[in-house]
Amino acid sequence: MSNLSLAKDKIKILLLEGIHQNAVDSFKAHGYNNVELLPGALDGDELKAKIADAHMVGIRSRTKLTADILEAADKLMAIGCFCIGTNQVDLSAARDKGVPVFNAPYSNTRSVAELVIAEIIMLARGVPHKNTLAHAGGWLKSAEGSYEVRGKILGVIGYGHIGSQVSVLAESLGMKVRYFDIIDKLPLGNAAPCDTMEELLEISDFVSLHVPATPQTNNMFRREHIFAMKPGALLINLARGNVVDINALVEALDNGHLSGAGIDVFPQEPASKNEEFTSPLRGQPNVILTPHVGGSTQEAQANIGNEVTSKLVRYSDNGSTLGTVNFVEVSLPVQDGVTRFLHIHRNVPGVLSSINEVFSERGLNIAGQYLMTDGEVGYVVVDVSGDLEAGMGVRKGLAGIEGTIRTRFLA
Ligand code: NAI
């Protein structure tokens, strides 16, 4: 790194909420040693004071990065949400400041897939009911209603990161996998797609939902779908709480149409452990209820630490915004023998030609240029060949262009 760009040790990284040590180690491994890790969340003036000189900030779900807080974050260039959700950040306020936000949407997918498999076996053997009885002194020693999963059909709805991993694990147990997805997905192993969800419901002994939260999946698994499942089948939902009609599920369990269910996500979930969990599913004998912990494992936390850190490091090192949730996405090649200028601006006409003028006025040779815009923000990356003596005032020239939000350069 030349003296033109901010030395890595000057880049201050603030990590809150006890983010996994992996994140700190990973920053350090990439040469970023100026890392402060705090165990809890901050808010109000305390957060403003801390964030004022941070170049990157890492949070989980409890730190609220509102427009007001971001106002105080003058040096901030990127935000890492070391979790799945990003609604604790005012994403458009961050974008307007030229600050991309990154998260870790897929680091915990294996954890979810493992729990699904565990629940399939437990439910097929009626373990939840037998377990409850045994804790109360009962002894339901019977093979009735207990089955092996080998040879049974698992129907996976939503064959994405989790659904496809469930498919692979289920096949290793000897299950047959059919899946339904709204887009064409390459089958893994011997899994086979179904043309319709109805076709899948008709043949599956187990149905496991792995769809994302979209307007289309809201209440998508209704009474008619539940009752279209095979008599005695089992339903698993570790996806989103508003996907399944819970009252219809209770009806199907009460009248024996379904023989059990595993549910990890609910239309209403307690905000904290101090709040009571209420659900019409409470007390159902062969139903596993878990408090939205499908993805909650130590391994997932460690993976999240690595995933978000590597996105932040990539953005800091070479300007790539791949994986951002609020910004234009650009995947850039590693710069080789070039000085790279990054220019973030409001998406108004004429900015690109003004940028090019800054370089042509100085007789500089542009080796590569990348431009991406969305409705609000434009992001231009310009690679210039050779060393620029004292920067040649390029950055000042770029900063003077009307509509500029932020400039940075990497040498
Ligand atoms: P993904 O985005 O990789 O896969 C979702 C798949 O569903 C995609 O292939 C998509 O085409 C498909 N899909 C979308 N709409 C559909 C529809 N109407 N019908 C059929 N297929 C549809 O997502 P990923 O990572 O597999 O996550 C799946 C779900 O698991 C998400 O809802 C996520 O929130 C949830 N999740 C739950 C966790 C927990 O702790 N219980 C942890 C992690 C994820």
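Values in this document were obtained by computation on a predicted structure and should not be read as measured data.

Chemist: How should the overall build of the protein chain be read in this particular structure?
Modeler: Along the protein chain, the regular secondary structure elements total 13 helices and 16 strands. Each principal axis of the C-alpha atoms in the protein chain carries an extent, and together these give about 85 × 45 × 35 Å. For the protein chain, with 411 residues in total, the buried portion stands at 47%. Across the protein chain, the fraction of contacts at a sequence separation of at least 24, relative to all contacts at a separation of at least 6, is 63%. Carbon and sulfur atoms provide 51% of the accessible area of the protein chain, an area that totals close to 19,500 Å². Between the averaged position of the 36 positive side-chain charges in the protein chain and that of its 46 negative side-chain charges there is a distance of 4 Å.

Chemist: Where do I start with helix α5 (residues 109–124) in this structure?
Modeler: Owing to its 3.6 residues per turn, the α-helix aligns residues three or four sequence positions apart on the same side. Between the first and last C-alpha of α5 there are 23 Å, a value that for 16 residues agrees with the 22 Å anticipated at 1.5 Å per step. Taken together, the buried positions of α5 are T109, S111, V112, A113, V116, I117, E119, I120, L123 and A124. G126 sits one or two positions beyond α5 and adopts a positive phi of about 65°.

Chemist: I tried to follow the pattern of salt bridges on my own but got confused; where do I start?
Modeler: Oppositely charged side chains are able to pair whenever their charged atoms sit close together. All chains considered together, the criterion is met by 16 salt bridges. Ionic pairing is found between D96 and R95, a salt bridge with its closest N-O pair at 3.5 Å. Where R282 meets E276, a salt bridge forms, and the shortest distance between an N and an O atom there is 2.9 Å. Salt bridges sharing common partners tie together K12, E36, K50 and D53.

Chemist: What is the right way to look at the domain arrangement of the protein chain in this model?
Modeler: One frequent convention defines the size of an interface as the accessible area lost when the parts assemble. Under the domain assignment, the protein chain is made up of domain 1 (10–107 + 298–329), domain 2 (109–289) and domain 3 (332–411). Relative placement of domain 1 and domain 3: their C-alpha centres are 25 Å apart. Contact residues are listed per partner, giving 20 residues for domain 1 and 17 residues for domain 3. Where domain 1 abuts domain 3, roughly 1,400 Å² becomes buried across the two surfaces, and 52% of that area is made up of carbon and sulfur atoms. On the domain 1 side of the contact with domain 3, R95, N318 and V328 bury the most area, a combined 39% of that side's loss.

Chemist: Is there a simple way to explain the packing of helix α1 (residues 21–29) against helix α11 (residues 298–318) in this structure?
Modeler: When two helices pack together, their arrangement is given by the angle between their axes and by how far apart the axes lie. Relative to each other, α1 and α11 sit at 35°, their axes nearing to 7 Å. Note on packing geometry: the crossing formed by α1 with α11 is right-handed. Across from N22, A23, S26 and F27 in α1, the residues of α11 making contact are A302, G305, N306, T309, L312 and V313. Along the lines of polarity and charge, the residues of the contact of α1 with α11 split into 5 nonpolar, 5 polar and no charged.

Chemist: Sorry, what's going on with the sheet that holds strand β2 (residues 35–37) here?
Modeler: Remark on secondary structure: sheet strands pair via backbone hydrogen bonds, oriented parallel or antiparallel. Sheet architecture is open: 5 strands sit in the order β2-β1-β3-β4-β5, paired in parallel fashion. Edge strands, defined here as strands with exactly one partner in the open sheet, are β2 and β5 (101–102). Direction of pairing for strand β3 (residues 56–59) relative to strand β4 (residues 78–81): parallel, over a ladder of 4 bridges. By the bridge assignment, I59 is partnered in β4 with C81. The strands touched by α11 are β3, β4 and β5; relative to β4, the strand with the most contacts, the crossing angle is about 170°.

Chemist: How do you make sense of the site of the ligand when you look at a structure like this?
Modeler: Taken together, 26 residues lie near the ligand, and H161, I162, D181, V211 and D264 sit nearest. Contact distances for the ligand include 3.0 Å between a nitrogen atom and a backbone N or O atom of L238. Side-chain polar atom of D264 to a nitrogen atom of the ligand: 2.8 Å apart, as the coordinates give it. When contributions to the shell around the ligand are tallied by element, the ones reaching two or more residues are α5 and α7 (161–172). Broken down by class, the residue content of the shell around the ligand amounts to 12 nonpolar, 10 polar and 4 charged.

Chemist: Help me out: how do you make sense of the environment of P231 in this one?
Modeler: Considering the arrangement of structural elements, one finds P231 in the loop between α9 (223–226) and β10 (233–237). Along the chain, P231 and E202 lie 29 residues apart, while their C-alpha atoms are 9.5 Å from each other.

Chemist: Which parts of the structure should I look at to understand the pairing of β10?
Modeler: When a strand is regular, its side chains alternate between the sheet's two faces. By the criterion of burial, β10 is predominantly enclosed, with 5 of the 5 residues buried. One ladder, built from 4 bridges, connects strand β9 (residues 206–209) with β10; its direction is parallel. The partner of L209 across the bridge, within β10, is N237. One ladder, built from 5 bridges, connects β10 with strand β11 (residues 258–263); its direction is parallel. Bridged to L234 within β11 is G260.

Chemist: I'm lost on the packing of aromatic side chains in this one. Help?
Modeler: The way to describe two aromatic rings as a pair is by their centre distance and the angle between their planes. Inspection of every chain in the model, using the stated rule, returns 7 aromatic pairs. Plain terms: the ring middles of F27 and Y32 are 6.3 Å apart, the flat faces sit at 75° to each other, and that makes the pair edge-to-face. When the centroid spacing of 3.7 Å and the interplanar angle of 10° are considered together, the rings of Y159 and Y179 count as stacked. Here Y159, found in the loop between β6 (153–157) and α7, pairs with Y179, found in strand β7 (residues 176–180); they are 20 residues apart in sequence, far enough to count as distant. A residue is classified by how much of its surface remains accessible, and Y159, at 2% relative accessible area, is buried. Classification of Y179 by relative accessible area gives buried; the value is 2%. Taken together, F341, F359 and F409 form an aromatic cluster joined through their ring pairs. A cation sits over an aromatic face here: R223 above F227, 4.5 Å from the ring centre. The residue whose ring lies beneath R408 is Y315, and the NZ or CZ to ring-centre distance is 4.7 Å.

Cut-offs and rules
Residues numbered from 1 in each chain as written. Predicted model: local features only at pLDDT ≥ 70, side-chain atom pairs only at ≥ 80, totals over all residues. Heavy atoms only, no water. Helix = DSSP H or I, 4+ residues; strand = E, 2+ residues; numbered from the N terminus. Buried < 20%, exposed > 50% of the residue type's maximum accessible area, 1.4 Å probe, protein only. Contact = heavy atoms within 4.5 Å. Areas by Shrake-Rupley, 256 points an atom, 1.4 Å probe, with all protein chains shown as cover. Lys, Arg positive; Asp, Glu negative; His and termini not counted. Charge placed at Lys NZ, Arg CZ, Asp CG, Glu CD. Expected span 1.5 Å × (residues − 1). Salt bridge = Lys/Arg side-chain N within 4 Å of Asp/Glu carboxyl O. Domains from an automatic or database assignment. Buried area = accessible area lost by both parts, 1.4 Å probe. Axes fitted to C-alpha atoms, helices over the stretch in contact; angles between N-to-C directions. Left-handed = near helix turned anticlockwise from the far one by under 90°. Nonpolar A, V, L, I, M, F, W, Y, C, P; charged D, E, K, R; others polar. Pairing = 2+ DSSP bridges. Near = heavy atom within 4 Å. Polar contact = N/O pair within 3.5 Å; in protein donor to acceptor, adjacent residues only side chain to side chain. Phe/Tyr/Trp six-rings, centres within 6.5 Å; stacked < 30°, edge-to-face > 60°. Lys NZ or Arg CZ within 6 Å of the ring centre and 35° of its normal.

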